[in-house]
Amino acid sequence: MNLSTWLQQQEKNGHQAYYTFAFIDEGAKREIRRKTLKAIAIPGYQVPFGSRDMPIARGWGTGGLQLTLALIGPEDILKVIDQGADDSVNAVNIKKFVSQVTGVRLTNQVQEATLIQTRHRIPEEPLREGQILVFQVPIPEPLRAVEPSERETRRMHGEADYSRMWLHLYENIVQFKEIMIGSRYPVMVHNRFMMDPSPIPRWDNPRLHMAEGLYLFGAGREKRIYAVPPYTSVKSIEFEDYKFRVEDFGGVACSRCGRTNTFLNEIIDDESGKRTFICSDTAFCSKL
Amino acid sequence: MHSSVYPTQKIFRVLVEATSHPGRGYRLPTCRESDPWRTSLLAVAYTLLDHEVAFAFIGKNIMLAQQVYAATKARQVAVEDAHYVIVEGNQSLGQLNNVNCGTSAYPDQGATIIYALSNDGREQQSPLTNVFLSGPGIKEPLNPQLTGLSIEELNNIHHLNGEYPLGIDCIFLNGDCQVMCIPRSTEIKIHQDKKWDMLP
């Protein structure tokens, strides 16, 4: 039985719906709200929070969903994207769920949305002041690749001791003559905390720097919230002689809209083996 | 769905905006013009406090502390143990010296200070033009837009936030139903005698 069927049955039987506005209870929302304000006050720092069980499995965007539900109000207009697409499974399911438990209006347009939940992309169109972008984060700890202990990474963040990450980058260069981090490329926020920007491509990293909108990151499984407020310095880590660089598509254009200045997905036809490229941000691609 | 949950959501969104843009004044949606001082404080307290956190009260109006407890069921404790410290007026009179500023591993444990500025004529009634704020959320250095602030208290906050990321985050509420935030990431500079002085 799905949620709407259950709700209809409850109403038919004269019972009230036993969930509050935006599904999670007010006590849980209050805790998420307290932690969200702390996250904004300390840009890039991971604030622990009591992640609740949600009607989707952990690892499928529960952190982002909890943030969205704690933020959303009846007047909001919501957009949800998954790898840039408005119509993929994760985005559609989250949209349907939030719409059912809040009744908010949905949109595909960035400029129209007041709240955007995203999995692994930043929309191509820049956000304006007042808009909030909520990221779904699988692994919030940028140092996890170099240090398995949570206690030790806490110490490292506390002391701003990021030497092991720099060494990791150096070893990459020695071995491959290139920094081999595709997505989740670490950034320094406000020149103090190293932050995992979630698995966005390198292409999106520069868009975190001095943005006009607010970026919130929620990791449900790992129980962490962090934030990048507007007009905040966010710099991808790099060496003087090995600079950070974004993906290079070699001048290939989107086969649908013809743009050459967007992040592209490579599509391989199973039968012919032909390779085509289309914009990852489907709403932006359709807006011509 | 209960309509009573909407006000706290609206207040929270105003607090998110205010924390994201330190120094700017925002209007609190549920504040009553007839009793702005009490209603704005209780609205923010009801949005953020509950039985899971503790608060301290600095001021003479004990009734207000009791009203906060009645509305939120948050425990009233000493300043050093408090997650939230409510200050009546614009001066903590040195009582914030013992406030919890968090630890290097958990800086988020630093307290949040809520100033209920009364606008009763004893306080500065125009924005402080010699105080400049900069840092995350601020595009160009700006003066705090709220009236009723005290330079001495801003100086005190600056000292408490001297070892960023340790520190305190401040929410200011005034008698015009306005709210303004100064999180610990905001740098406070005071312009004195026509020359720039970085506070020690």
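Residues numbered from 1 in each chain as written. Chains lettered and ligands numbered in written order. Predicted model: local features only at pLDDT ≥ 70, side-chain atom pairs only at ≥ 80, totals over all residues. Heavy atoms only, no water.

**Quick notes on the overall build of chain B**
(1) Moving on: Looking only at helices and strands, one finds four helices and ten strands in chain B.
(2) Moving on: Starting at the N terminus, the α and β elements of chain B follow one another as α-β-α-β-α-β-β-β-β-α-β-β-β-β.
(3) Moving on: The burial tally for chain B puts 56% of its 200 residues in the buried class.
(4) Moving on: Partitioning the intrachain contacts of chain B with sequence separation of at least 6 by distance along the chain shows that 63% fall at a separation of at least 24.
(5) Moving on: Carbon and sulfur atoms form 50% of the exposed surface of chain B, whose accessible area is close to 8600 Å². (Helix = DSSP H or I, 4+ residues; strand = E, 2+ residues; numbered from the N terminus. Buried < 20%, exposed > 50% of the residue type's maximum accessible area, 1.4 Å probe, protein only. Contact = heavy atoms within 4.5 Å. Areas by Shrake-Rupley, 256 points an atom, 1.4 Å probe, with all protein chains shown as cover.)

**Concerning the sheet that holds strand E5 (residues 132–136) of chain A**
Residues and elements named next belong to chain A.
(1) Moving on: Pairing within the open sheet is mixed, and its seven strands lie in the order E1-E9-E8-E5-E4-E2-E3. Strands at the two margins of the open sheet, each flanked by one partner only, are strand E1 (47–48) and strand E3 (105–106).
(2) Moving on: In this structure, strand E4 (residues 115–119) lies alongside E5, joined through four bridges in parallel fashion. The residue bridging isoleucine 116 from the neighbouring strand is leucine 133, located in E5.
(3) Moving on: Strand contacts of helix H4 (residues 89–102): strand E2 (77–82), E3, E4 and E5, with the helix running at about 155 degrees to E2, the strand carrying the most contacts. (Pairing = 2+ DSSP bridges. Axes fitted to C-alpha atoms, helices over the stretch in contact; angles between N-to-C directions.)

**Topic: the environment of arginine 259 of chain A**
Residues and elements named next belong to chain A.
(1) Moving on: Counting through the fold element by element, arginine 259 comes out in the loop between strand E10 (234–236) and strand E11 (264–268).
(2) Moving on: Counting along the chain gives 113 residues from arginine 259 to valine 146, while the straight-line C-alpha distance between them is 38 Å.
(3) Moving on: Not counting the four nearest positions on each side in its chain, arginine 259 is found in contact with Val252, Ala253, Cys254, Phe284, Cys285, Lys287 and Leu288.
(4) Moving on: For arginine 259, the side chain forms a polar contact with the main-chain oxygen of lysine 287, separated by 2.7 Å. (Polar contact = N/O pair within 3.5 Å; in protein donor to acceptor, adjacent residues only side chain to side chain.)

**Section: a nonpolar patch on the surface**
(1) Moving on: A cluster of nonpolar side chains, namely Leu167, Tyr170 and Val174 of chain A, defines an oily patch on the protein surface of about 310 Å² accessible area.
(2) Moving on: Of note, tyrosine 170 of chain A is situated in helix H6 (residues 163–176). (Patch = residues over 30% accessible without salt bridge, like charges linked within 9 Å, V, L, I, M, F, W, Y side chains within 5 Å. Salt bridge = Lys/Arg side-chain N within 4 Å of Asp/Glu carboxyl O.)

**A few points about unusual backbone geometry**
(1) Moving on: Between tyrosine 164 of chain B and the following residue, proline 165 of chain B, the backbone shows a cis peptide bond with an omega angle of 10 degrees.
(2) Moving on: Residues other than glycine seldom take positive phi values, yet alanine 22 of chain A does so here, at roughly 65 degrees.
(3) Moving on: Locating alanine 22 of chain A in the fold gives a position in the loop between helix H1 (3–12) and helix H2 (26–41).
(4) Moving on: Positive phi values are uncommon outside glycine, yet cysteine 177 of chain B reaches one of about 65 degrees.
(5) Moving on: Among the secondary structure elements, cysteine 177 of chain B is positioned in the loop between strand E7 (169–173) and strand E8 (178–182).

**Here's the deal with the packing of helix H2 (residues 36–48) of chain B against helix H3 (residues 62–72) of chain B**
Residue and element names in this part refer to chain B.
(1) Moving on: Taken N-terminus to C-terminus, the directions of H2 and H3 make an angle of 40 degrees; their axes are 10 Å apart at the nearest point. In terms of orientation, H2 lies oblique with respect to H3. Where H2 crosses over H3, the handedness of that crossing is right-handed. Facing H2, whose interface residues are Trp37, Arg38, Leu41, Leu42, Ala45 and Tyr46, H3 presents Leu64, Gln67, Val68, Ala71 and Thr72.
(2) Moving on: When its residues are assigned to classes, the contact of H2 with H3 shows eight nonpolar, two polar and one charged. (Parallel < 35°, antiparallel > 145°, perpendicular 65-115°, else oblique. Left-handed = near helix turned anticlockwise from the far one by under 90°. Nonpolar A, V, L, I, M, F, W, Y, C, P; charged D, E, K, R; others polar.)

**Section: the domain arrangement of chain A**
Residue and element names in this part refer to chain A.
(1) Moving on: Per the domain assignment, the segments of chain A are domain 1 (3–145 + 173–236) and domain 2 (249–288).
(2) Moving on: For domain 1 versus domain 2, the distance between C-alpha centres works out to 26 Å.
(3) Moving on: At the junction of the two partners, domain 1 supplies 14 residues and domain 2 supplies ten residues.
(4) Moving on: Summed over both partners, the interface of domain 1 with domain 2 buries about 1000 Å², with 54% contributed by carbon and sulfur atoms.
(5) Moving on: Broken down residue by residue, the surface that domain 1 buries against domain 2 is led by Glu124, Glu125 and Trp203, which jointly contribute 47%.
(6) Moving on: Applying the counting criterion to the domain 1 and domain 2 interface returns one salt bridge.
(7) Moving on: Residues lysine 287 and glutamate 125 are paired through a salt bridge, measuring 2.8 Å at the closest nitrogen-oxygen approach.
(8) Moving on: For the side of domain 1 that touches domain 2, the per-class residue count stands at four nonpolar, five polar and five charged. (Domains from an automatic or database assignment. Buried area = accessible area lost by both parts, 1.4 Å probe.)

**Quick look at the interface of chain A and chain B**
(1) Moving on: On the chain B side, the residues contacting the 43 residues of chain A number 43 residues.
(2) Moving on: Across the chain A/chain B interface, buried area totals approximately 3700 Å², and carbon plus sulfur atoms make up 60% of it.
(3) Moving on: Put simply, arginine 30 of chain A and aspartate 50 of chain B hold a salt bridge, and the shortest N to O gap is 3.7 Å.
(4) Moving on: Applying the counting rule to chain A against chain B returns 16 residue pairs in polar contact (both at pLDDT 80 or more).
(5) Moving on: Looking at the side of chain A that touches chain B, the elements with two or more residues in it are H2, E1, helix H3 (62–71), H4 and helix H5 (150–158) of chain A.
(6) Moving on: A total of eleven residues in the side of chain A that touches chain B trace back to one element, the largest contributor, which is H2 of chain A.
(7) Moving on: For the side of chain A that touches chain B, the per-class residue count stands at 21 nonpolar, eleven polar and eleven charged.

**What about the packing of aromatic side chains?**
Residue and element names in this part refer to chain A.
(1) Moving on: Going through the model one piece at a time under the given rule, you end up with eleven aromatic pairs over all chains.
(2) Moving on: Between phenylalanine 135 and phenylalanine 217, the aromatic rings sit 4.3 Å apart at their centres with planes inclined by 10 degrees, giving stacked as the arrangement. Taken together, the positions of phenylalanine 135 in strand E5 and phenylalanine 217 in strand E8 (residues 214–219) put the pair 82 residues apart, joining distant regions of the chain.
(3) Moving on: Ring geometry for phenylalanine 217 versus tyrosine 226: centroids 4.8 Å apart, planes at 0 degrees, classification stacked. Each member of the pair phenylalanine 217 and tyrosine 226 is classed as buried. (Phe/Tyr/Trp six-rings, centres within 6.5 Å; stacked < 30°, edge-to-face > 60°.)

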